[in-house]
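The primary structure of each chain is shown beneath.
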Amino acid sequence: MAVTVRFVSVFRDLGVSRRLFVVEAETLEKTIDKLEVQIPGLKEKLVDSHGRLHPAYQVIHTKGNRQGLCSKLDCPIADGDEIVITPLISGG
Amino acid sequence: MYGFQGTMLIVDLTQGKVLTEKLDERFTRNHIGGVGFGIRLLYDRLEPGVDPLSPENMLVFASGPLSALGFMGSTGMSIVSKSPLTELIGDSDLRGSFGRDLKSCGYDALIVRGSAKSPVYLELTDRSVQIKDAGDLWGKTTAEVQSILSRRNEKGFRILSIGPAGEKLVKYACISGDVRFFAGRLGMGAVMGAKNLKAIVMKGEKETPIADPQAMKNLMKEIHYEVLHDGSCDTLSKYGTWNNTGPSNLKGTLPTKNFQRTTFDEIDQIDGDAMLSRISAGDRTCPGCPIGCRRVVKSEQPYRISPQYGGPQYETVAALGPTVLLGDAVAIAKANELCNLYGLDTISTGVTIAFAMECSEKGVLTDKDLGMHLKWGDPEGILQIIRMIAFREGAGDVLAEGVKRASEKIGRGSEEWAMHVKGLEIPMHDPRGKKGIALAYATAIKGADHESAMHDDVFERENALPELGYVKPMGRKEYQGKPLLVKKTQDLWGILSDALPICKFPMAPPRPLKPNRLVSALNFVTGWDVSLEEFLRVGERIFNLGRLFNVREGADRTLDMLPNRFSEPTPGGASTGETITKENLERMLDEYYDHRGWSKDGVPTEETLKRLELKAP
Ligand code: SF4
């Protein structure tokens, strides 16, 4: 269940820019938990105080040639999927 | 009157006369300030059909009730006039402290009309208003004017000025504020140039009374705390608006090669991380804003770039980068610096250069016509054509007219590559991947404006904006529900933010400047008892007044359109295959006009006018 993860224009202070992460996970939550081991401090930023995906970020989920958003932590992720974590675009 | 000085200054440059007028509370409560004052004053006092560059046109600089506070961009102002680019209502917001400075001189708004016989500048203080000779400033760049006037005046004077582009009446010339802030769009700098007004310097010490300063202080403290601790502004703080570049590319909404594409091959050279590693020299903020999104850039090689001008924001990076296929961060920053020095709007400049490049590529403009070889992505060519536009040299003269007029003059099918709405060049969000933004571009009173309605991306999650009824997610590529969303957020985000004024960035969900808090801030400052409903109605009133101004100038449904290029499917990226066909746009317009209470032709009905306490033109 290998999932590739990229970060675009976020968390530079955590040293994730331009790096590709590969983790084994079945949901977004598990992906974040696994990444937290490699990127300490990530979970605190990505998950808000209510235990939900922080609304300031979007998780773009690519499955084959289909692209969608993972907006909940229990979003299922399958082997070979790619997720990209970005800030929410709000104009400007 | 709390929140206001209660006085408006009128300067007639033809007669060399200065007078003041009192503002009453009915006027202020019905229009709040900023863009609301500007549109109302133009609607009431400008005859239809006036040439925007004639002495008859008025240029209004207006602060709002929050301007006296240092509160997230509230110290800024709106600059409103009939635009030379669209020949319709035009306004451009200016951050910095200029709204507060105008108030400190004792005025909520300044109207400049007429035209001086020779170049002048205005000096405003809380004791006097003087029209001074600007013969020695004419022909100078914004930076030179800043330096001369800073030396001439005592410390603390704020300076608004135009560069050579404003003097040469380039239709998209901007106004500089201390050469760090720019009222970029719609050619306000050309209107200033047409009045022979090179600069305005301001300094005063008048206090503006606040009804409940303690309550306001508490509210500001609460909001500042959230900005710093709830994580909603973190990437804006760290990356500035460069946080948009990478995600726009990923989503396939990044205008590339004059909107022929929506993803850029060299994105890694110009995205937020690239800009931060290569040219960032720190950040700046606006008075009272803990976010500090304004990036400053610096470089020595291959181009020397001074941090004096701040740096290019997202719109500029995209307009002078992917739109013209330039993937070099330093060259983009240099192009931005030239636009700032000469006083050009960076979005219109980038889109106009892209238009010229497409004309050249397709053989409609030859090297001889252009006086140079202009090819996609060539930094030297881009820097050269910027100078030619600013000084109206050679082909720069026709390009200085903006893409609409330039394409009408050049002809030979080039109209198809002129990316504008109502004459205003399209900003840096390809609307095919954001159906709400498509409708917002088509219907904004000032033409294609990226800050006229909230972006679709914000509403892709639950509970985005419950105060306006947005609880369920809406996909960015969907049409459903967008007409009402655009209407509501045009009134709030597009208009009311510029009336208070307040920066739009902290207002975009999930950031902490929620509508109810804006209403509280307005009431704490003015002592009014405005409800959210009344607040939103003021936004709707101002928007409709802008529409009435445009209708009086001859605008109708036929102008609420998008370029044909957007009916072609996007060729790649995450918005592949997306279009905005004429039929789909017409359907959205029908629904939007219904929500607005407009006729099928796009004219506010009698009933709507009555509800908003407006009169037909
Ligand atoms: S968010 Fe940025 S532009 Fe807005 S007030 Fe703050 S620093 Fe200024």
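Counting starts from 1 at the beginning of each chain's written sequence and moves along it residue by residue. As a convention, the first chain written is A and the first ligand written is 1, with the rest following in written order. Local features in this predicted model are restricted to residues whose pLDDT is 70 or higher, and side-chain atom pairs enter the listing and the counts only when it is 80 or higher, whereas totals over whole chains, interfaces and linings include all residues. Side-chain numbers come from the whole structure's heavy atoms, not from hydrogens or water.

**Focus on the overall build of chain B**
- Helix and strand counts for chain B stand at 24 helices and 16 strands.
- The atom set for the radius of gyration is the C-alpha atoms, and the globule formula is 2.2 Å times the number of residues raised to the power 0.38. The C-alpha atoms of chain B give 22 Å as radius of gyration, which agrees with the globular expectation for 617 residues (25 Å, within 12%).
- Along the first, second and third principal axes, the C-alpha atoms of chain B reach 60 × 60 × 50 Å.
- Under the scheme applied here, a residue whose accessible area is under 20% of the maximum for its type counts as buried, over 50% as exposed, and between as partly exposed, the area being computed with a 1.4 Å probe on protein chains only. When burial is assessed residue by residue, chain B has 69% of its 617 residues classed as buried.
- Within chain B, contacts between residues separated by at least 24 positions form 70% of all contacts whose residues are at least 6 apart in sequence.
- Working definition of accessibility: Shrake-Rupley area with a 1.4 Å probe, residue cover restricted to the visible protein chains. Carbon and sulfur atoms make up 47% of the accessible area of chain B, which totals about 19700 Å².
- We count Lys and Arg on the positive side and Asp and Glu on the negative side, and we leave His and both chain ends out. Taken as the charge centre is NZ of Lys, CZ of Arg, CG of Asp or CD of Glu, depending on the residue. Charged side chains in chain B number 78 positive and 81 negative. The centres of these two groups are separated by 2 Å. Each helix corresponds to a stretch of at least 4 residues labelled H or I by DSSP, and each strand to a stretch of at least 2 residues labelled E; elements are numbered beginning at the N terminus. In this analysis, two residues are considered to be in contact whenever any of their non-hydrogen atoms come within 4.5 Å of each other.

**Some remarks on the sheet that holds strand 7 (residues 120–125) of chain B**
Residues and elements named next belong to chain B.
- Reading across from one edge, 8-7-12-9-10-11 is the order of the 6 strands in this open sheet, with mixed pairing throughout. Each end of this open sheet is capped by a strand with a single partner; those strands are strand 8 (129–133) and strand 11 (181–183). Across the sheet, the axes of successive neighbouring strands diverge by a mean angle of 20°, strand direction being ignored.
- When DSSP finds two or more bridges between a pair of strands, those strands are recorded as paired. Here 4 bridges tie strand 9 (residues 158–161) to strand 12 (residues 197–203), and the two strands are oriented antiparallel to one another. Within strand 12, the residue paired with arginine 158 across the bridge is methionine 202.
- Lines fitted to C-alpha atoms define the axes here, with helix axes fitted over just the stretch in contact, and angles between the N-to-C directions of these axes take values from 0 to 180 degrees. Lying on the sheet, helix 4 (residues 142–152) is in contact with strand 7, strand 9, strand 10 (175–177) and strand 12; it crosses strand 9 at an angle near 145°.

**Remarks on the pairing of strand 5 (residues 89–94) of chain B**
All names here are of chain B.
- Of all the 6 residues making up strand 5, 6 are buried; the element is thus mostly covered by neighbouring parts of the structure.
- Burial of the side chains of strand 5 extends over both faces: Ile89, Asp91 and Asp93 are buried on one face and Gly90, Ser92 and Leu94 on the other.
- For strand 4 (residues 77–82) and strand 5, the ladder comprises 6 bridges, and the chain directions are antiparallel. By the bridge assignment, valine 80 is partnered in strand 5 with aspartate 91.

**A few points about the environment of glycine 15 of chain A**
Residues and elements named next belong to chain A.
- Inspection of the secondary structure assignment puts glycine 15 in the loop between strand 1 (2–7) and strand 2 (20–24).
- By relative accessible area, glycine 15 is classed as partly exposed at 33%.
- Here the alpha-carbon distance between glycine 15 and glycine 41, two residues 26 residues apart in the chain, equals 11 Å.

**Notes on the domain arrangement of chain B**
Residues and elements named next belong to chain B.
- An automatic or database domain assignment supplies the residue ranges for each domain. Segmenting chain B into domains produces domain 1 (7–203), domain 2 (233–419) and domain 3 (432–446 + 480–562 + 581–611).
- Between domain 2 and domain 3, the C-alpha centre-to-centre distance is 29 Å.
- In this assembly, 10 residues from domain 2 lie in contact with 7 residues from domain 3.
- Buried area is calculated as the accessible area (1.4 Å probe) missing from two parts once they are joined, with the contributions of both summed. In total, domain 2 and domain 3 occlude about 570 Å² of area from one another, counting both sides; carbon and sulfur atoms represent 72% of this.
- It is Cys233, Leu236 and Thr253 that lose the most area in domain 2 upon contact with domain 3, and together they represent 53% of the buried surface on that side.
- We count a salt bridge whenever a side-chain nitrogen from Lys or Arg sits within 4 Å of a carboxyl oxygen from Asp or Glu. In this assembly, domain 2 and domain 3 are joined by 0 salt bridges.
- For this analysis, a polar contact is any N or O atom pair within 3.5 Å, provided that within protein one partner can donate a hydrogen and the other can accept it, and provided that sequence-adjacent residues contribute only side-chain to side-chain pairs. Here domain 2 and domain 3 share 1 residue pair in polar contact (both at pLDDT 80 or more) between them.

**Regarding the interface of chain B and chain A**
- Across the boundary between the two partners, chain B contributes 43 residues, which contact 27 residues of chain A.
- Taken together, the links from chain B to chain A amount to 5 salt bridges.
- Residue arginine 12 of chain A is joined to aspartate 273 of chain B by a salt bridge in which the shortest nitrogen-to-oxygen separation is 3.2 Å.
- One can count 10 residue pairs in polar contact (both at pLDDT 80 or more) joining chain B with chain A.

**Thoughts on the pattern of salt bridges**
Residue and element names in this part refer to chain B.
- A full pass over the atoms with the stated rule returns 56 salt bridges over all chains.
- With a shortest N-O distance of 2.7 Å, glutamate 401 and arginine 392 are connected by a salt bridge.
- For arginine 392, a relative accessible area of 18% corresponds to the buried category.
- A single network of salt bridges, built from pairs that share partners, joins Lys487, Asp491, Glu540, Arg596 and Arg611.

**Digging into the layout of surface pockets**
- Considered as a void within the structure, the largest pocket measures approximately 820 Å³ in volume.
- Around the largest pocket, the lining is made up of 33 residues, and of these Asp48, Arg52, Leu53 and Pro55 of chain A together with Arg461 of chain B lie nearest the centre.
- Elements supplying a minimum of two residues to the lining of the largest pocket: strand 3 (57–63) and strand 4 (66–70) of chain A.
- In terms of residue count, strand 3 of chain A provides more of the lining of the largest pocket than any other element does, 3 residues in total.
- Gly falls in the polar group here, along with every residue not listed as nonpolar (Ala, Val, Leu, Ile, Met, Phe, Trp, Tyr, Cys, Pro) or charged (Asp, Glu, Lys, Arg). A per-class count over the lining of the largest pocket returns 14 nonpolar, 8 polar and 11 charged. A pocket, in this scheme, is an open set of points on a 1 Å grid over the protein atoms alone with protein on both sides within 12 Å along at least 5 of 7 lines, while a cavity is a set where a 1.4 Å probe fits but cannot get out; residues line either one if an atom lies within 4 Å of a point. Grid points are joined across faces, edges and corners, and a volume is the space filled by probe spheres set on the points.

**Here's the deal with empty space enclosed by the protein**
Residue and element names in this part refer to chain B.
- Under the criterion given, the structure shown has 6 cavities of 30 Å³ or more.
- As a volume, the largest cavity reaches approximately 880 Å³.
- Lining the largest cavity are 47 residues, and of these Asp93, Arg95, Phe182, Arg294 and Gln313 sit closest to its centre.
- Estimates place the volume of the second largest cavity at around 90 Å³.
- Lining the second largest cavity, in full, are Asp91, Ala444, Ile445, Lys446, Asp449, Glu451, Ser452, Gln490, Gly494, Ile495, Asp498 and Phe543.
- The residue inventory of the lining of the second largest cavity, partitioned by class, reads 4 nonpolar, 3 polar and 5 charged.

**Remarks on the site of the ligand**
Residues and elements named next belong to chain B.
- Surrounding the ligand, one finds Met72, Gly73, Thr285, Cys286, Cys289, Ile291, Gly292, Cys293, Arg294, Cys503 and Phe505.
- More than half of a molecule's atoms within 2 Å of the grid points is what it takes for that molecule to sit in a cavity or pocket. Most atoms of the ligand, that is more than half of them, are within 2 Å of grid points of the largest cavity.
- Classifying every residue of the shell around the ligand by side-chain character gives 7 nonpolar, 3 polar and 1 charged. For each residue, the test is whether any non-hydrogen atom lies within 4 Å of the molecule or strand; if one does, the residue is near.

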